Amino acid sequence: MVCEKRLNPTESFMNISRMEEKFFKDNLQISIHHKPNSRYTFKSNQKYQSDKTWILIFKQHGEKISFFIYTGKRLKFTLPFELHAARNCEIKAIIGSVLYESDVVRIIANEVNSEKLRFKSYFTKQEYQALLKRTLSFIKTLPGKFQTIDYLYRNKSEMYFASIREYHSGIMKPYKKDHNGDPYSVINGHIDGLFFSTALDFQTMKPLPESLYGPVRFNIDASTLFTPNFNLYFADFYCHYRVHYVTVVLTPKRSPTDKFCEGRLHKLDIRHNPFICLSETKEDFYEVIVYLSNGIRVEVFYTEAVNISRIIENQQGHFERVPTIGRGETDTLFPYSTKVKTSSVEAS
């Protein structure tokens, strides 16, 4: 059973939290699950022998507080409405009892309550399509062309690559996409991958001669990673000082990550899109071409592990040292969401 009540507009989320502290006994762990387009379910792993009264207090920025009562042995509650994209939200769960007094709800007993869980509502597929349109409109303002690239590359510290050799048998493993880039991107915290850069020097048409992220560069033949067996998705567009970055996700067809992206991101034609493509040569080989323009860089989030030892053995890639510039670490970026102002940039 689910009951909803909107609290008095003068009642604040913080006031409710202070009231709950009087009854605090334990921390209840709850998790958030997202389903396209914008439905959110809250779950707890804790299961009781008898039904409990679960009290949920929810708020999204700029909206009134919503108050829900759910009855069951385990919490599995889906919000009865879709959330607006790119909003800061808060949820708190309590097991206890409530008393209704006019338009005010009072918690009169409390067995267990959770910490206040803050999260950001993700872009929907429609928002990604709108972001893609803004990206294309921006690109049209700049002169540019498609250019063949030999390598996708990754700049890191000596310690990073030494750790891969020593502890991971030479396998560079994907890791969870953090909340850098646009903080409302649906891939944040949900899919694993490795960032590779495609940026070229305009004079030499080779990878950039310097690095912001470490003195060791691993170059891998672009056609080794970029193959027809993968799907490509548009995932982000943001500004890092004067340079604008486009993030695409490259993931194997029919993989779990592919299924995740298909329902949430805008799918690109891997052979024909505005950013990075497979181009078949007359010799029936593939080469990778990327859109090259002053102020635009395309980054590839590759969702599979890379066996560095095998790549080197098969002569499909190599290491080189490059000079570092700046502080050799991430810095400020500006997402293209109108609701977000600043964040921190994802290392390549």
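Thresholds, definitions, all that
Residues numbered from 1 in each chain as written. Predicted model: local features only at pLDDT ≥ 70, side-chain atom pairs only at ≥ 80, totals over all residues. Heavy atoms only, no water. 1 Å grid on protein atoms, 1.4 Å probe; cavity = no way out; pocket = protein on both sides within 12 Å on 5 of 7 lines; lining within 4 Å. Points joined across faces, edges and corners; volume = space filled by probe spheres on them. Helix = DSSP H or I, 4+ residues; strand = E, 2+ residues; numbered from the N terminus. Nonpolar A, V, L, I, M, F, W, Y, C, P; charged D, E, K, R; others polar. Phe/Tyr/Trp six-rings, centres within 6.5 Å; stacked < 30°, edge-to-face > 60°. Buried < 20%, exposed > 50% of the residue type's maximum accessible area, 1.4 Å probe, protein only. Polar contact = N/O pair within 3.5 Å; in protein donor to acceptor, adjacent residues only side chain to side chain. Contact = heavy atoms within 4.5 Å. pLDDT = per-residue confidence, 0-100. Salt bridge = Lys/Arg side-chain N within 4 Å of Asp/Glu carboxyl O. Core = buried A, V, L, I, M, F, W, Y, C linked by side-chain atoms within 4.5 Å. Expected span 1.5 Å × (residues − 1). Arc of directions from axis to C-beta. Pairing = 2+ DSSP bridges.

1. Let's talk about the layout of surface pockets
Summary: where empty space remains is shown by rolling a probe the size of a single water molecule over the atoms.
Item 1. What the largest pocket holds in volume is close to 320 Å³.
Item 2. Residue lining of the largest pocket: 17 residues in total, with Leu-208, Glu-210, Leu-212, Tyr-245 and Arg-297 positioned closest to the centre.
Item 3. Listed by contribution, the elements that provide at least two residues to the lining of the largest pocket are β10 (151–156), β16 (243–252) and β20 (296–302).
Item 4. In terms of residue class, the lining of the largest pocket is made up of eight nonpolar, five polar and four charged.

2. Here we look at the packing of aromatic side chains
Item 1. In the structure shown here, the tally under the stated rule is 21 aromatic pairs.
Item 2. Their ring planes at 80° and their centres at 5.7 Å tell us that Phe-123 and Tyr-128 sit as a pair that is edge-to-face. By the burial criterion, Phe-123 is buried, and Tyr-128 matches it.
Item 3. Centroid distance Phe-196 to Tyr-302: 6.3 Å. Interplanar angle 85°. Geometry classified as edge-to-face. With Phe-196 in strand β13 (residues 192–197) and Tyr-302 in strand β20, the pair connects residues that are 106 residues apart, well separated along the chain.

3. With respect to the side chain of Thr-135
Item 1. Relative to the helices and strands, Thr-135 is located in helix α2 (residues 125–139).
Item 2. Among the polar contacts made by the side chain of Thr-135, one reaches the main-chain carbonyl oxygen of Leu-131 at a distance of 2.8 Å.
Item 3. Excluding its chain neighbours within four sequence positions, the residues that come into contact with Thr-135 are Phe-234, Phe-237, Val-246 and Phe-275.

4. A few points about the confidence of the model for the protein
Item 1. Put simply, the protein has an average pLDDT of 84, and 83% of its residues get 70 or more.
Item 2. Every residue in residues 328–334 scores below 50 in pLDDT, and together they form 31 contacts with partners more than four places removed in sequence or on other chains.

5. Structural notes on the pattern of salt bridges
Item 1. Within this structure, the stated rule accounts for five salt bridges.
Item 2. Residue Lys-73 is joined to Asp-51 by a salt bridge in which the shortest nitrogen-to-oxygen separation is 3.6 Å. One end of the pair, Lys-73, is in strand β5 (residues 66–78); the other, Asp-51, is in strand β4 (residues 39–60), and 22 residues separate them in sequence.
Item 3. Measuring nitrogen to oxygen at the nearest pair gives 3.9 Å for the salt bridge that ties Glu-63 to Arg-87. In this pair, Glu-63 is assigned in the loop between β4 and β5 and Arg-87 in the loop between β5 and β6 (88–101), connecting sequence segments 24 residues apart.
Item 4. For Glu-63, a relative accessible area of 34% translates into the label partly exposed.
Item 5. The class of Arg-87 is buried, set by a relative accessible area of 18%.

6. Observations concerning the nonpolar core
Item 1. With 78 residues, the main nonpolar core has Phe-275, Ile-276 and Val-306 as its most contacted residues.
Item 2. Setting aside residues no more than four positions away along its own chain, Ile-276 makes contact with Ile-149, Thr-198, Phe-226, Leu-232, Val-248, Ile-270, Val-288, Ile-289, Val-290, Val-298 and Val-300.
Item 3. Within the second largest apolar cluster, eight residues are counted, among which are Ile-55, Ile-57, Val-98 and Ile-107.

7. Focus on α2
Item 1. Here α2 is 15 residues long and its end C-alpha atoms lie 21 Å apart, about the 21 Å a rise of 1.5 Å per residue gives.
Item 2. Of the positions making up α2, those classed as buried are Tyr-128, Leu-131, Leu-132, Thr-135 and Ile-139. Buried residues along α2 cover an arc of 105° about the axis, so they all sit on one side.

8. Thoughts on the pairing of β5
Item 1. Two elements, β4 and β5, share 11 bridges in a ladder whose sense is antiparallel. Pairing of Thr-41 across the sheet is with Thr-78, part of β5.

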